[in-house]
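Report on the structure
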Amino acid sequence: MSDDTDPGLAVDDFVDYCHTQAGLLSGRVETMRDEADELLAEIDEDMAELRGQLEDHATATKGTDAPSTPDGPGDELDLDAFEELESDVKEKQLLLEAKQTRMEAFQTLAGAYTDLAEELADDVDDGEDALSRVLEFEADRDAPAYFDDRETMLEAAAQSSDDTDTDTDS
């Protein structure tokens, strides 16, 4: 007879949990990818504006036949605005790099959850062992840091342990 009828911990539940976590992480990567695409579009617009300002300035200074006035050529480059826009572009590029690094970390963890699910399904017969492996996995990879609005097994186990400690202290 199979362990499926045992009311205790079932390995399949942990396999499902790992698949769910991997799916949530993958969904978060998609959201971050959309945000990165928007950021790239903003960077492209800013770069086009910078190029346009440089081209306008270059065109204005090349073709002047008339003597220049004390103020200089008519279409002078607003250096402060140019530098501010350039600074914004650099800041957005750093943000994009950080977002890409974060996406890679989320993808790596999603893949690791998928691998763990396969290992549990193939190699583990005992629910307690599956729980132990999931808790160890999440602790080793600091999995709670990746889930802002969802409690991981590790957090639930820690909370349960804290509750038990509080109950025995009374």
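Just so it is clear, the model here is predicted, and its values are computed rather than measured.

Re the overall build of the chain
A count of helices and strands for the chain gives four helices and zero strands. Counted over contacts in the chain with a minimum sequence separation of 6, partners at least 24 positions apart contribute 75%.

Considerations on the pattern of salt bridges
Oppositely charged side chains can form a pair if their charged atoms are brought close together. A full pass over the atoms with the stated rule returns six salt bridges. Here Lys 99 makes a salt bridge to Glu 35, at a shortest N to O gap of 2.8 Å. Of the two residues, Lys 99 is situated in helix 2 (residues 79-123) and Glu 35 in helix 1 (residues 11-62); the sequence distance between them amounts to 64 residues. Glu 42 is paired through a salt bridge with Lys 92; the nearest N and O atoms lie 3.2 Å apart. Of this pair, Glu 42 sits in helix 1 while Lys 92 sits in helix 2, and the two are 50 residues apart along the sequence. Residue classification places Glu 42 among the partly exposed residues on the basis of a relative accessible area of 34%. In the salt-bridge network here, residues are joined through shared partners; they are Arg 28, Glu 35 and Lys 99.

Examining unusual backbone geometry
A positive phi angle, near 50°, is found at Asp 142, a position not held by glycine. Here Asp 142 is to be found in the loop between helix 3 (127-140) and helix 4 (153-169).

Some thoughts on the nonpolar core
If you look at the biggest cluster of nonpolar residues, it comprises 32 residues, and the most contacted ones within it are Cys 18, Leu 25, Tyr 113, Leu 120 and Val 134. Elements with a contribution of two residues or more to this core: helix 1, helix 2 and helix 3. Once residues within four sequence positions are removed from consideration, Leu 25 is found in contact with Phe 106, Leu 109, Ala 110, Tyr 113, Tyr 146 and Phe 147.

Re the confidence of the model for the chain
On average, residues of the chain score 85 in pLDDT, and 81% of them reach the 70 mark or higher. For the chain, the element scoring lowest by mean pLDDT is helix 4, at 78; helix 3 scores highest, at 97. Contacts of residues 1-6 to residues separated by more than four positions or lying in other chains number two contacts, the stretch itself having pLDDT below 50. Predicted confidence for residues 70-74 stays below pLDDT 50, and this span has two contacts to residues more than four positions away or in other chains.

A word on a negative patch on the surface
A cluster of acidic residues, Asp 115, Glu 118, Asp 122, Asp 123, Asp 125, Asp 126, Glu 128 and Asp 129, forms a negative patch at the surface. Of all elements in the fold, only helix 2 and helix 3 reach the threshold of two or more residues within the negative patch. It is helix 2 that contributes the most residues to the negative patch, four residues altogether. Mapped onto the elements of the fold, Asp 122 is located in helix 2. The class for Asp 122 is exposed, based on a relative accessible area of 61%.

A word on helix 3
End to end, helix 3 covers 20 Å across 14 residues, agreeing with the expected 20 Å (1.5 Å per residue, within 8%). When helix 3 is considered as a whole, its buried residues turn out to be Gly 127, Ala 130, Val 134, Phe 137 and Glu 138. Angularly, the buried residues of helix 3 cover 95° about the axis, an arc narrow enough to put them on a single face. Facing away from the buried side of helix 3 by more than 90 degrees, the exposed set consists of Glu 128, Glu 136 and Asp 140. Two residues or fewer past helix 3, Asp 142 is found with a positive phi of approximately 50°.

About the cut-offs
Residues numbered from 1 in each chain as written. Predicted model: local features only at pLDDT ≥ 70, side-chain atom pairs only at ≥ 80, totals over all residues. Heavy atoms only, no water. Helix = DSSP H or I, 4+ residues; strand = E, 2+ residues; numbered from the N terminus. Contact = heavy atoms within 4.5 Å. Salt bridge = Lys/Arg side-chain N within 4 Å of Asp/Glu carboxyl O. Buried < 20%, exposed > 50% of the residue type's maximum accessible area, 1.4 Å probe, protein only. Core = buried A, V, L, I, M, F, W, Y, C linked by side-chain atoms within 4.5 Å. pLDDT = per-residue confidence, 0-100. Patch = residues over 30% accessible without salt bridge, like charges linked within 9 Å, V, L, I, M, F, W, Y side chains within 5 Å. Areas by Shrake-Rupley, 256 points an atom, 1.4 Å probe, with all protein chains shown as cover. Lys, Arg positive; Asp, Glu negative; His and termini not counted. Charge placed at Lys NZ, Arg CZ, Asp CG, Glu CD. Expected span 1.5 Å × (residues − 1). Arc of directions from axis to C-beta.

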